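Observations on the three-dimensional arrangement
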Amino acid sequence: MQIKDIMCDDVVSVSPDASVKEAAKKMRDGNCGTVAVIEDGRLVGMLNDRQIAVNVVAGGRNPSRVRVGEVMSKRLVTSTPEMDIIDAAKIMGKHHFRRLPVVDREHHLRGIVSICDLSRPLKEYTDSVLDELIRERPTRPARFGESQTMPQWMFA
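Residues numbered from 1 in each chain as written. Predicted model: local features only at pLDDT ≥ 70, side-chain atom pairs only at ≥ 80, totals over all residues. Heavy atoms only, no water.

1. Side note on the layout of surface pockets
Approximately 480 Å³ is the volume found for the largest pocket. As for the largest pocket, its lining consists of 16 residues, and the residues nearest its centre are M46, N48, S73, F97 and R99. Within the residue set of the lining of the largest pocket, elements represented by two or more residues are β3 (42-48), α2 (49-57) and β4 (99-103). Residue classes in the lining of the largest pocket are distributed as six nonpolar, five polar and five charged. (1 Å grid on protein atoms, 1.4 Å probe; cavity = no way out; pocket = protein on both sides within 12 Å on 5 of 7 lines; lining within 4 Å. Points joined across faces, edges and corners; volume = space filled by probe spheres on them. Helix = DSSP H or I, 4+ residues; strand = E, 2+ residues; numbered from the N terminus. Nonpolar A, V, L, I, M, F, W, Y, C, P; charged D, E, K, R; others polar.)

2. Focus: the pairing of β3
The pairing of strand β2 (residues 34-39) with β3 spans six bridges and is classified as antiparallel. In the sheet register, I38 faces β3, and the bridge partner there is L43. The turn joining β2 and β3, which pair antiparallel and follow one another in sequence, is formed by two residues; a positive phi near 55° is taken by D40. (Pairing = 2+ DSSP bridges.)

3. Some points on the pattern of salt bridges
Counting across every chain of the model gives three salt bridges. Among the salt bridges present, the one from D104 reaches R110, with a minimum N-O distance of 2.7 Å. For D104, a relative accessible area of 16% translates into the label buried. The exposure class of R110 is partly exposed, given its relative accessible area of 41%. (Salt bridge = Lys/Arg side-chain N within 4 Å of Asp/Glu carboxyl O. Buried < 20%, exposed > 50% of the residue type's maximum accessible area, 1.4 Å probe, protein only.)

Everything listed here is a matter of coordinates, which is why it stays silent on function.
The following block contains the structure:
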């Protein structure tokens, strides 16, 4: 399965010149914890609620005066729409990311994929593997007087 099959393509975005207060309002209105930072149609950074709390609010800075470009993450790790979801999960795990922006070859933002987005198809896959294992009805060595198959209540 590819990222394009599970990604969210309705991503909240701001410009690097926007105030942090404006970005926070967009997060509130969009019910999200991250905004993409777009300049000239390209993804140039990401800003999340933790960065605002730690780098602006806790630092005693005025969110109306601080520009997004000053506090956003500029070191971007991205995926492509064609990337396999397993590869995306590995990238997210390696970097401890909860969200991964999805960009095309020109670095235009196409969407975002979250851990929740990845968990659904991975859960379906694991469920199908477990169903297959259960159908095989695993056995254990029989004790004296017992049947070879394990009791069905163990799989309920």
